[in-house]
Amino acid sequence: MRGGDTVAILGPVRDYSARRHSQSSPETFQTDSTRNRRARGFAPVRRVIKNGNVPLPKDFKNFLALSENKSDLTRFLSEEAMKNDFGSLEVLVAGGFSEETRVDSTNKARDLTDFEANHEEADTRMVLHAVQSGSEAVVVSARDTDVKLLFIHHFERIKCKECWIMCGSKYIPIHELCKELKPEQISNLLAFHAITGCDTSSKIASVTKTGAWKNFNGQTCKLLSGLGETTELASDEIEKIEEFVVQALYKVVPDILKAVAARIVLFGTVKRLECLPPTNDALNLHILRCHRQVFVWKNAHVPYPELPDPKSCGWKMDGGRYVPVLMTLPSVPKSCPEFTVCGCKGQCNTKQCGCRKDPWVPCMKLCKCKGNCLNGNAEEKDDF
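Being a predicted model, the structure only gives us computed values, none of them experimental.

Visitor: Any chance you could break down the packing of aromatic side chains for me, citing the residues and the numbers?
Guide: Under the defined criterion, the tally for this structure stands at 5 aromatic pairs. Their ring planes at 35 degrees and their centres at 4.6 Å tell us that F192 and F216 sit as a pair that is tilted. Of the two residues, F192 is situated in helix α10 (residues 189-195) and F216 in the loop between α11 (209-213) and α12 (219-222); the sequence distance between them amounts to 24 residues. Seen in terms of ring centroids, F216 and F244 are 6.4 Å apart; in terms of plane orientation they differ by 85 degrees. Their pairing is edge-to-face. Placement of F216 in the loop between α11 and α12 and of F244 in helix α13 (residues 235-249) is noted, with a sequence separation of 28 residues between them.

Visitor: Explain unusual backbone geometry to me, and be specific about the residues and the numbers.
Guide: One non-glycine residue, K159, lies in positive phi territory at about 60 degrees. For K159, the position within the fold is in the loop between α7 (155-158) and β6 (162-167). Using a relative accessible area of 71% as the deciding quantity, one classes K159 as exposed.

Visitor: So what's going on with helix α5 (residues 122-133)? Which residues, and what values?
Guide: One full turn of an α-helix is made of 3.6 residues, so residues set three or four places apart face in the same direction. Helix length check: α5 (12 residues) gives 16 Å between terminal C-alpha atoms against 16 Å at 1.5 Å per residue, within 8%. Counting buried residues along α5, 10 of its 12 residues qualify, which places the element largely inside the surrounding structure. Along α5, the residues classified as buried are A122, D123, T124, R125, M126, V127, L128, H129, A130 and S133. G134 sits one or two positions beyond α5 and adopts a positive phi of about 70 degrees.

Rules of the game
- Residues numbered from 1 in each chain as written.
- Predicted model: local features only at pLDDT ≥ 70, side-chain atom pairs only at ≥ 80, totals over all residues.
- Heavy atoms only, no water.
- Phe/Tyr/Trp six-rings, centres within 6.5 Å; stacked < 30°, edge-to-face > 60°.
- Helix = DSSP H or I, 4+ residues; strand = E, 2+ residues; numbered from the N terminus.
- Buried < 20%, exposed > 50% of the residue type's maximum accessible area, 1.4 Å probe, protein only.
- Expected span 1.5 Å × (residues − 1).

See below:
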């Protein structure tokens, strides 16, 4: 919506049209997964919305659990909105119609070419509209964390004096936040959000955003500078991001820069194996998925961005839709012998210790004895 020197951008329903559900992408995988999670325990019923005479559903949660219902509702609201008379207020609607790039405005004299786009998500489309608005003040109605971070990153590009995110009755001053953050934090904020977990990338086990943020400054920020900058991520940039994960997220000693080395150092110090840093194989795939997502975010101001191929960014096709590739190597090598963790209180020096019974298994750091026992030497097996 437009009015004088202020533009208000309303966050629409996330699915814009039926096109969204016939065209698979990592973004639709995320929205479908979120929708399926929220719809657990419900049996959604298809309701075709042809006009305003269709009765309202008794249970909106059940109704919105079906993608086709959501698409119909979005299209209906977009078309009906443009039939109203808003007086001197200019209203512009985009992304809600059946046509992918259609944009409509109450100001029929306005050239809408700059507002046309093929963005998959409302988050990035709102940034595009803010950039094209040319207004001194921008107010965005959205509750999504991604939107807040997107507007912080693109604030200078929007070239407005004030930018506010309206979350219910609360207004967040993006322009003030940009003054408090360091330039390197702003430029790498989207990369930080993706690496530590967002809608399309996994959360790294045992790592919280609050804890990670404490180490997101100075040199650690620059380690993420290559993420999402180009269509292909260079190998040296992947190494820098791996160093960020090891140093900033898991906080190992300074001379440890690789995930494999960090796993060895931290082995035996964590309560659960899942809390160890990811393997090199899994981490590389995670970085590639983050790279594509950050590229989408950083190009929010581009109407028709040329996005990296998902298949080269940690995704694969399964049943006509994209799903993440979590690993290409087995989680435990076949050559790795079966092991158990003992709870022996002593030195594991008797045959009553389960770890010394047949088949004999040497103790390790995860054992209660920390491997500092008579069972730590493989040669003792011959004594049985």
